[in-house]
Amino acid sequence: MVEPWPEPVDGAQLLDALMSELQRFVVFPKWAAETFALWILHTYCFLLRDVTTYIGIESPERECGKSTLVTLLSRLVNRAAVSSNISSSAFFRAIEDLQPTLLIDEADTNLRGKDDLSGILNAGYTKPTAFVWRMCYDAAPGAEGSETERGAGAGRVARYSCWCPKAIAAIGHLHPTLASRCIVVRMQRKTEEEECERLKRLNATELQRKCARFVADHAGEIANAEPNIPEGLTNRAADIWEPLLALADLAGGRWPELARVAATGLTARAQENSPIGTLLMDIFLTFILGEVERVFSRDLAAALSEFPDRPWVQLRKGKQVTETWVAQQLRPFGVKPRTLRINGELGKGYLKEDFTETFRRYIPKAEVEAAKADLAARVIPKGEANDEESANAEDEP
């Protein structure tokens, strides 16, 4: 338990100090240091809110500062529990007993194949859903004999909490379902010109105590805050940013604006790299560029194979783009292949009209704008584009 600082704490100065301390030891991408400063403070007050914020820490390869950041966070957050390998049973029991801030490193290998643990992580960011149910077996009354005898009691249902803030670090991308519940920060390798201090020079005790004091003095305001959410954030993005925006507003100074710029920027960046969003965009382009209203499954799979460097490629897990794979990705959206006739030939395929709502609801705005720019460049040669702009300018009042 952290002992609160003996004097009242200025929130803006505290967040400034946290951000400055973070930047001493790690090179951060844009908006990340501000986000982590707010999140560290959030770990001291997450019990006061109905949503706890997850942070996803991704790096394209090793030596991008991911593990250093996890270690740094473990020194600053409230009740840190660090793990690079944890079972689902230990996971929810640790949360129930410790109410920690859980820091999971090497998630790219240690969450692989653990569907039960992934399911618990997916449910654990909102208080009403952050529980798991398990059967427990009490010892039979008076059983003092062997292990078998002691475990022979009646079974009962027990509920365990999986409610706590979490930072989940991985090389590559987190699973899209988990990433959608996180503020995703993509780390980058520092250059020779960028220098960082050694972690052994960190003295985190004062900052921890000031975080505890700030939360103790403002608990009621933190619990009841309803901050304004920036336009463009989806419902889930708004949920996971709301606790941080509440703290930024309470701290004051430059932090309300800083927090909203970070929220907008990191959310847009995550949408630009949304695997399923880019897949849907490329399917949309297949219809548009082909000027068709229907396409056979085999032709759609072949067309998608021409997009080798898109974010959705990670969903393939090394597999080829096949008709079956495409159908599996589209099934959650209610889009299924049907028997079609195209130019007199029968086969399984898709109608463009079946995608209308899916395209409208799930293709990120950033993907749409990028596609518009690309299509415009294809249709209007550069020289003609300049001439058209001049003509349009003459027509304007």
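Each chain carries its own residue numbering, running from 1 in the direction its sequence is written. Two thresholds apply to this predicted model, a pLDDT of at least 70 for residue-level local features and 80 or more for giving and counting side-chain atom pairs, whereas whole-chain, interface and lining totals are computed over all residues. No hydrogens and no water enter the side-chain calculation; it runs on all heavy atoms of the structure.

Re the sheet that holds strand 2 (residues 80–83)
Turning to step 1, where the next piece is worked out: Pairs of strands are assigned from DSSP output, requiring at least two bridges between the strands. Elements are defined by DSSP. Helices are runs of H or I of four residues or more, strands are runs of E of two residues or more, and each kind is numbered from the N terminus. Across the sheet, which stays open at both edges, the 5 strands sit in the order 2-3-6-1-7 with parallel pairing between neighbours. Unpaired on one side and paired on the other, strand 2 and strand 7 (182–186) mark the two borders of the sheet. Taking each pair of neighbouring strands and ignoring which way they run, the sheet shows an average axis angle of 15 degrees.
Turning to step 2, where the next piece is worked out: Looking at chain direction, strand 1 (residues 54–59) and strand 6 (residues 166–171) are connected through 6 bridges and run parallel. Its bridge partner lying in strand 6, Glu58 is registered against Ala170. To get an axis, a line is fitted to the C-alpha atoms, and for a helix only the part in contact is used. The angle between two axes follows their N-to-C directions and goes from 0 to 180 degrees.

So, the nonpolar core
Turning to step 1, where the next piece is worked out: With 93 residues, the main nonpolar core has Phe36, Ile57, Leu73, Phe91, Ile168 and Trp241 as its most contacted residues.
Turning to step 2, where the next piece is worked out: Sorting elements by how many residues they give to this core places helix 11 (residues 235–251) first, with 9 residues.
Turning to step 3, where the next piece is worked out: We call two residues in contact whenever any of their non-hydrogen atoms come within 4.5 Å of each other. Apart from the residues lying within four places of it in its own chain, the contact partners of Phe91 are Ile86, Leu102, Ile104, Leu117, Ile120, Leu121, Cys162 and Lys166.
Turning to step 4, where the next piece is worked out: The criterion is simple. A nonpolar core is a set of buried Ala, Val, Leu, Ile, Met, Phe, Trp, Tyr and Cys residues joined through side-chain atoms within 4.5 Å. Exposure classes here rest on a 1.4 Å probe applied to the protein chains alone. A residue is buried below 20% of its type maximum, exposed above 50%, and partly exposed in between. Within the second largest apolar cluster, 23 residues are counted, among which are Leu279, Leu300, Ala327 and Tyr350.

Points about helix 4 (residues 88–98)
Turning to step 1, where the next piece is worked out: Of the residues making up helix 4, those classed as buried are Ser88, Phe91, Phe92 and Ile95. End-on, the buried residues of helix 4 take up no more than an arc of 80 degrees, which puts them together on one face.
Turning to step 2, where the next piece is worked out: In the core, the buried residues of helix 4 are packed alongside strand 3 (101–104), helix 6 (115–123), strand 4 (131–137), strand 5 (155–161) and strand 6.
Turning to step 3, where the next piece is worked out: At the exit of helix 4 stands Gln99, carrying a positive phi of roughly 45 degrees. Starting at the helix axis, one direction is taken to each C-beta atom, and the arc is that of these directions.

Section: the confidence of the model for the protein
Turning to step 1, where the next piece is worked out: pLDDT is a per-residue confidence score from the predictor, ranging from 0 to 100. Residues of the protein with pLDDT of at least 70 account for 89%, and the chain-wide mean is 85.
Turning to step 2, where the next piece is worked out: This stretch, residues 140–151, has a pLDDT under 50; its non-local contacts, to residues over four places away or in other chains, come to 10 contacts.
Turning to step 3, where the next piece is worked out: Note on residues 388–397: pLDDT under 50 across the span, and 1 contact to partners over four residues away in sequence or across chains.

A look at the pattern of salt bridges
Turning to step 1, where the next piece is worked out: Salt bridge, as used here, is a side-chain nitrogen of Lys or Arg placed within 4 Å of a carboxyl oxygen of Asp or Glu. Tallying each qualifying case throughout the model produces 15 salt bridges.
Turning to step 2, where the next piece is worked out: A salt bridge links Asp105 to Lys66, with the nearest nitrogen and oxygen atoms 3.0 Å apart. With Asp105 in the loop between strand 3 and helix 5 (107–110) and Lys66 in helix 3 (residues 66–76), the pair connects residues that are 39 residues apart, well separated along the chain.
Turning to step 3, where the next piece is worked out: Exposure remark for Lys66: the relative accessible area of 6% places this residue in the buried category.

What about the sheet that holds strand 9 (residues 338–342)?
Turning to step 1, where the next piece is worked out: Strand order in the open sheet made by the 3 strands is 8-10-9, with antiparallel pairing throughout. On the outer flanks of this sheet lie strand 8 (294–296) and strand 9, each paired with one strand and no other. Pairs of neighbouring strands in the sheet enclose a mean axial angle of 60 degrees, with direction left out of account.
Turning to step 2, where the next piece is worked out: Strand direction decides the pairing type here: strand 8 and strand 10 (residues 345–351), joined by 3 bridges, are antiparallel. By the bridge assignment, Phe296 is partnered in strand 10 with Gly349.

Here we look at a nonpolar patch on the surface
Turning to step 1, where the next piece is worked out: Taken together, the side chains of Trp133, Met135, Tyr137 and Val157 define a hydrophobic patch exposed on the protein surface, amounting to about 490 Å² of accessible area.
Turning to step 2, where the next piece is worked out: In this fold, Tyr137 is placed in strand 4. A patch consists of residues exposed above 30% relative accessible area that lack any salt bridge, with like charges linked at up to 9 Å and nonpolar side chains (Val, Leu, Ile, Met, Phe, Trp, Tyr) linked at up to 5 Å. Accessible surface is estimated by sampling points in the Shrake-Rupley manner with a 1.4 Å probe; for residues, cover comes only from the protein chains shown.

Thoughts on helix 11
Turning to step 1, where the next piece is worked out: Helix span, as expected, comes to 1.5 Å for every residue beyond the first. Its 17 residues place the ends of helix 11 24 Å apart at the C-alpha level, agreeing with the 24 Å of an ideal helix rising 1.5 Å per residue.
Turning to step 2, where the next piece is worked out: Each residue is assigned a bend, namely the angle between axes fitted to the seven residues that terminate at it and the seven residues that start at it. Maximum bend of helix 11: about 45 degrees, positioned at Glu242, with proline Pro243 one to four residues after it.
Turning to step 3, where the next piece is worked out: Within helix 11, the full set of buried residues consists of Ala237, Ala238, Ile240, Trp241, Pro243, Leu244, Leu245, Ala246, Leu247, Ala248 and Ala251.
Turning to step 4, where the next piece is worked out: Downstream of helix 11 by one or two residues, Gly252 has phi in the positive range, about 80 degrees.

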